[in-house]
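# Chains, contacts and geometry: an overview
Listed below, chain by chain, are the residues.
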Amino acid sequence: MTPLPPNSTIGILGGGQLGRMTALAAANLGYLTHIYAPEADSPAFDVTRFYTCAAYDDLPALAAFASSVDVITLEFENIPIATLEYVQRFKPVYPQPTCVEVTQDRLLEKQFAHSQGCNTAPFMPVNSAEDLAAALQQLSGGILKTRRMGYDGKGQWRLTGDEDPAMLWWNIQQPCILEGLVDFACEVSVIAARGIDGTVVCFPVTENAHRQQVLHTSTVPASISTATAQAAIAAATRLINALQLVGLLAVEMFVSRSGDVLINELAPRPHNSGHWTMEACQTSQFEQLVRACTGLPLGDTGLLTASAVMQNLLGDDATHAPLLQNPNARLHLYGKTESKPGRKMGHVTFLTAQHR
Ligand code: ATP
Ligand code: MG
């Protein structure tokens, strides 16, 4: 495919920080962006030539948006599939709606991983109090997760197995899965990119530490063996190829105490655990997404520093001054006006060695 020429417009569905950083990367490559999001205070609206503030089921607004752009991508995987299919009538959508559909549902996602020969935590579908009772017994407790719409630990309940399933189900009443607890050595992720021509490039494996089920730090290189790193990259490559996904696929994984890789979650978009690529990699994950969906060649993903640590700034942690005194800190604030405890307000990447 001939790449989209400079001054073409990339439509982005979703207006959060991932859309904001994608729009900035698009601008660096000479593209315009048009952000479509329902929230009036979307952080991405501040950095784009065009934006539409409308609901995901507003067909006239979607039609006007899709007609005004050259290609469409997304920064949020829970955009309704009907919305993606509708805008696809006008312009190509990368990643394709069929890929996004798999990643919207934890059950489909896990079944897909198994279909590709990847392992996951043990899991059982839960659609009733009876299912929940049976699953709690079989898996000896675990984490109950809604199949859809969960993020940052929302829609999840840690269970010991001693709870009353009828009472729990009364409060939940939506399709779930119960996952057995994995006694992992560490958590890692791999962000894979696939171009329109089918080329796949992966970013180096990142090690992720969570606090209260929210990502706290991402570190490269991950403290895992070469064999485990190769297995993680191979799994991400297999999954993105099997989906034939154009764009980015972020693959969250658990590394077992014996070094095996288990797939936790898939996200068809830039990922919080890849923010360090902005300063510590030849190509950032945001630029890579822009390259993938405009038909440009994918960028090199080699490291520019010996190591890097990204830390999320949540709620009132997002203060500038002390961080800016550290010459190795690279600060990104997302321009969110309302700070709430636990809300992702920005991030900082510490480069632990000088650029080459
Ligand atoms: P995010 O949006 O941050 O990716 P999420 O709400 O989609 O989070 P998960 O990725 O499923 O949820 O879980 C969040 C974190 O909770 C995981 O990164 C891990 O630390 C812990 N966790 C989830 N499932 C399990 C499990 N089966 N065993 C052990 N820990 C788990
Ligand atoms: Mg997760």
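To be clear, the structure that these remarks concern was listed above.
Attention in this report is confined to the structure presented alongside it. In every chain, residue numbers begin from 1 and rise along the written sequence. All chains are assigned letters beginning with A, and all ligands numbers beginning with 1, in the order in which they are written. Local features in this predicted model are restricted to residues whose pLDDT is 70 or higher, and side-chain atom pairs enter the listing and the counts only when it is 80 or higher, whereas totals over whole chains, interfaces and linings include all residues. Only hydrogens and water are set aside; all other atoms, that is, all heavy atoms of the structure, feed into the side-chain values.

## Considerations on the coordination of the magnesium ion (ligand 2)
- Coordination shells were defined by N, O and S atoms within 2.8 Å of each metal, extended to 3.2 Å for Na, K and Ca; water is absent from the atom set, which can make sites look incomplete. Here the magnesium ion (ligand 2) is held by Glu252 (OE) and Glu265 (OE), and the distances to it run 2.0 to 2.1 Å. Residue Glu252 is located in strand S14 (residues 247–256), and its partner Glu265 is located in strand S15 (residues 261–267); the two are separated by 13 residues in the primary sequence. Each member of the pair, Glu252 together with Glu265, is buried. Each helix is a run of H or I in the DSSP string that is no shorter than four residues. Each strand is a run of E no shorter than two, and both are numbered from the N terminus. Any residue under 20% of the maximum accessible area for its type is buried, any over 50% is exposed, and the rest in between are partly exposed; the area is computed with a 1.4 Å probe on protein chains only.

## Remarks on the sheet that holds strand S8 (residues 156–159)
- Two strands make a pair as long as DSSP finds a minimum of two bridges between them. Ordered by their spatial adjacency, 4 strands build an open sheet running S6-S9-S7-S8, and the pairing between neighbours is antiparallel. Two strands lie at the open edges of the sheet, namely strand S6 (123–126) and S8, each paired on one side alone. On average, each strand axis in the sheet is inclined to that of its neighbour by 20 degrees, with strand direction left out of account.
- Relative to S8, strand S7 (residues 142–146) runs antiparallel, the two sharing 4 bridges. Each bridged residue has a counterpart across the sheet, and for Ile143 the counterpart in S8 is Arg158. A fitted line through C-alpha atoms represents every axis, and for helices the fit uses only the stretch in contact; the resulting angles, taken between N-to-C directions, go from 0 to 180 degrees.

## Quick look at the environment of Glu85
- With respect to the element layout, Glu85 can be found in helix H3 (residues 81–88).
- The class of Glu85 is partly exposed, set by a relative accessible area of 44%.

## A short note on the packing of aromatic side chains
- In this scheme Phe, Tyr and Trp rings, the latter by its six-membered ring, pair at centre separations within 6.5 Å, and the angle between planes marks the pair as stacked below 30 degrees, edge-to-face above 60, and tilted otherwise. Counted under the stated rule, the structure contains 5 aromatic pairs.
- Seen from their ring centres, Tyr86 and Phe90 are 5.5 Å apart, and the 70 degrees between their planes marks the pair as edge-to-face.
- A residue is classified by how much of its surface remains accessible, and Phe90, at 33% relative accessible area, is partly exposed.
- Taken together, the aromatic side chains of Tyr36, Tyr56 and Phe65 make up a single cluster linked through ring pairs.

## Quick notes on the site of ligand 1
- Put simply, a residue is near a molecule or strand once any heavy atom of it comes within 4 Å of that molecule or strand. As a matter of local geometry, ligand 1 sits amid 21 residues, with Lys145, Gly153, Gln156, Glu187 and Glu265 nearest to it.
- Between Asn264 and ligand 1, the recorded distance is 3.0 Å, taken from a side-chain N or O atom to an oxygen atom.
- Out of a free accessible area of 610 Å², ligand 1 has 94% covered by protein chains.
- If you list the elements that add at least two residues to the shell around ligand 1, you get S7, S8, strand S10 (184–194), S14 and S15. Contacts described as polar in this section are N or O atom pairs within 3.5 Å, which, within protein, must combine one atom able to donate a hydrogen with one able to accept it, while residues neighboring in sequence count only if both atoms come from side chains. The method behind every accessible area is Shrake-Rupley, applied with a 1.4 Å probe, and residues are considered shielded solely by the protein chains displayed.

## Some points on the sheet that holds strand S2 (residues 32–37)
- Across the sheet, 4 strands lie side by side as S3-S2-S1-S4; this open sheet has parallel pairing. Edge strands, defined here as strands with exactly one partner in the open sheet, are strand S3 (50–53) and strand S4 (71–74). Taking each pair of neighbouring strands and ignoring which way they run, the sheet shows an average axis angle of 20 degrees.
- For S2 and S3, the ladder comprises 4 bridges, and the chain directions are parallel. By the bridge assignment for S3, His34 is matched with Phe50.

## With respect to helix H2 (residues 59–68)
- Turning to H2, its buried residues number three or more, namely Ala61, Leu62, Ala63, Phe65 and Ala66.
- The backbone nitrogen of Ala61 has a side-chain oxygen 3.1 Å away, supplied by the residue at the start of H2, namely Asp58.

## Describing the state of the cysteines
- Criterion for a disulfide: a pair of cysteine sulfur atoms at a distance within 2.5 Å. Counted under the stated rule, the structure contains 0 disulfides.
- Cys293 provides the cysteine sulfur closest to Cys99, a residue in no disulfide bond, and the two sulfurs are 13 Å apart.
- Not part of a disulfide, Cys202 finds its nearest cysteine sulfur in Cys281, a span of 12 Å.
- Since its relative accessible area comes to 14%, Cys202 is described here as buried.

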